[in-house]
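Examining the three-dimensional arrangement
Take a look at the letters that make up each chain.
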Amino acid sequence: MNKCYIEIHSTNKAKNDIDILMNRAGYRNIGSSKKPSGKIGKFFVKLGIILKIPFCLHKNEVLLIQYPFKKYYTYLCRVAHFRKCKVVTLIHDLGSFRRQKLTVPQEIKKLSHSDYIIVHNPSMKRWLEEQGCKVPMGCLEIFDYLSETKAIDYCPVTSVPQVIYAGGLGPRKNAFLYQLDDHISSYELNVYGKGLDEKVAQNWKHIIYKGFIPSDELISTNRGHFGLVWDGDSISACDGNWGEYLQYNNPHKTSFYIRCHLPVIIWNKAALAPFVRENKIGICVDSLEELNQRFNSMKEEEYAEIRKNIIAMSNRLSEGYYFYKAMQAACEKIQERK
């Protein structure tokens, strides 16, 4: 089956990686290969793409749309069907969750215009089905992550394990950070990013602020032992809008840590926790208070095995393994339904 996609040069790293992978696989780009500059430039480039799409689609093609595609998503699906094409939707984010830009019925109605949906994981698939989505779905499992840089080969565990947390450091999203220092005894937490409340951070003893470092540079320079995937208001559980979303989505941060060759620490109830356990690429905890004991009891051989699995997983993410696998399953399902 011939496949096509719409390149729009998003600021979203995950979306851009998918564009690159589709291009590498020979998918036809019916978007714009020219990167626009400025808000006005982006508006007119996107408008031009939308206007020309009805004339670019070929009969029996499969069009991959990265969701959300804002207000044009339903239009694109209808045009594709009018041109006798099938639509595969790859979900990056659900607007009815943490941002609540859509009601759940509105989101299900939009997604129902697709012929097949690639969701993050079984938890997201189950949730969409419970909300009434009847479109066939398959799971991505984890986001691939492209980078020209490579992580260091091996970083042995010292007497003080180094845990890395990278991302937004503001109290609104990550209030747990501002509670954690008093509960750390057997490791150090190195935090990278922007938005830190430095008045609070200056009193930390076990959390070290490393500033902002571009992701590609951090991949090649980090000397950590684990990467922490945690959001929300509490160290006891991932709660609040940001934390609870972990029960359904695949944080792109997880893929970033894997590309850094960092075994993952993740909440036991996170949607990605079963993937972490099955592939033996990290540890799952109910509370961050468990980490001291987990590190104290971890043996060098156990860590070396996890690290070996992480490096193998990193190689797969660098090649687009999970996207290509999910897309193949989508096309096979569409072919069956014909």
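The notes below deal with the structure included here. Along each chain, the written sequence defines residue order, and numbers are assigned to residues from 1. With pLDDT at 70 or above as the cut-off, local features in this predicted model cover only qualifying residues; side-chain atom pairs require 80 or more to be listed or tallied, and sums for whole chains, interfaces and linings still use all residues. Note that water and hydrogens are dropped before the side-chain values are worked out from all heavy atoms of the structure.

Turning next to the pairing of strand β11 (residues 264-267). In β11, alternate side chains face the same way, and those of Val 264 and Ile 266 on one face and Ile 265 and Trp 267 on the other are all buried. Examined bridge by bridge, strand β10 (residues 226-229) and β11 share 3 bridges and lie parallel to one another. Paired with Val 229 across the strands is Ile 266, a residue of β11. The pairing of β11 with strand β12 (residues 282-285) spans 4 bridges and is parallel. Bridge pairing in β12 places Ile 266 opposite Cys 284. Considered for its hand, the β-α-β crossover made up of β11, helix α11 (residues 273-279) and β12 is right-handed. Relative accessibility decides the category of a residue: with a 1.4 Å probe and only protein chains considered, values under 20% of the type maximum give buried, values over 50% give exposed, and everything between is partly exposed. Secondary structure elements are taken from DSSP: a helix is a run of H or I of four residues or more, a strand is a run of E of two residues or more, and numbering for both begins at the N terminus. Whether two strands pair depends on DSSP finding at least two bridges between them. By convention, a crossover is right-handed whenever its connection, traced from the first strand over the helix to the second and viewed with the strands pointing away, goes clockwise.

Moving on: helix α13 (residues 300-319). Each helix should span, by expectation, one fewer than its residue count multiplied by 1.5 Å. Here α13 is 20 residues long and its end C-alpha atoms lie 29 Å apart, about the 28 Å a rise of 1.5 Å per residue gives. Regarding α13, the residues found buried are Tyr 303, Ile 306, Arg 307, Asn 309, Ile 310, Met 313, Ser 314 and Leu 317. In a view along the axis of α13, the buried residues occupy a sector of 165 degrees, so they form one face of it. Structural note: α13 exposes Glu 301, Lys 308 and Glu 319 on the side pointing more than 90 degrees away from its buried face. The directions considered for the arc run from the helix axis to the C-beta atoms.

This paragraph deals with the packing of aromatic side chains. Aromatic ring pairs: the centre-centre distance and the angle between the two ring planes describe each pair. Pairs were defined over the aromatic rings of Phe, Tyr and Trp, the Trp ring being its six-membered one, requiring ring centres within 6.5 Å. Orientation was assigned from the angle between planes: stacked under 30 degrees, edge-to-face over 60, tilted for the rest. By the definition in use, this model includes 16 aromatic pairs. Taking 5.1 Å as the distance between ring centres and 80 degrees as the angle between the ring planes, the aromatic pair formed by Tyr 67 and Tyr 73 counts as edge-to-face. Cluster of aromatic residues (ring-pair linked, three or more members): Phe 97, Trp 127, Tyr 245 and Tyr 248. Only lysine NZ and arginine CZ atoms are considered, and such an atom sits over a ring when it is within 6 Å of the ring centre and within 35 degrees of the ring normal. Directly above the aromatic system of Phe 212 lies the positively charged group of Lys 194, at a separation of 4.6 Å from the ring centroid. It is Arg 316 that lies over the ring of Tyr 321; its NZ or CZ is 6.0 Å from the centre.

Within the secondary structure, Ser 159 is located in the loop between β6 (137-139) and β7 (162-166). Sequence separation between Ser 159 and Phe 295 is 136 residues, and the spatial gap between their C-alpha atoms is 9.8 Å.

With that settled, the discussion passes to the pattern of salt bridges. Should a side-chain nitrogen of Lys or Arg be within 4 Å of a carboxyl oxygen of Asp or Glu, the pair is scored as a salt bridge. By the definition in use, this model includes 5 salt bridges. The salt bridge involving Lys 13 is made with Asp 17; its shortest N-O contact spans 3.1 Å. Of the two residues, Lys 13 and Asp 17 both sit in helix α1 (residues 13-24), 4 residues apart, roughly one turn of that helix. Between Glu 141 and Lys 325 there is a salt bridge, and its shortest N-O distance comes to 3.0 Å. Note that Glu 141 is positioned in the loop between β6 and β7 and Lys 325 in helix α14 (residues 321-337), a separation of 184 residues in sequence. Among the residues examined, Lys 325 registers a relative accessible area of 40% and is labelled partly exposed.

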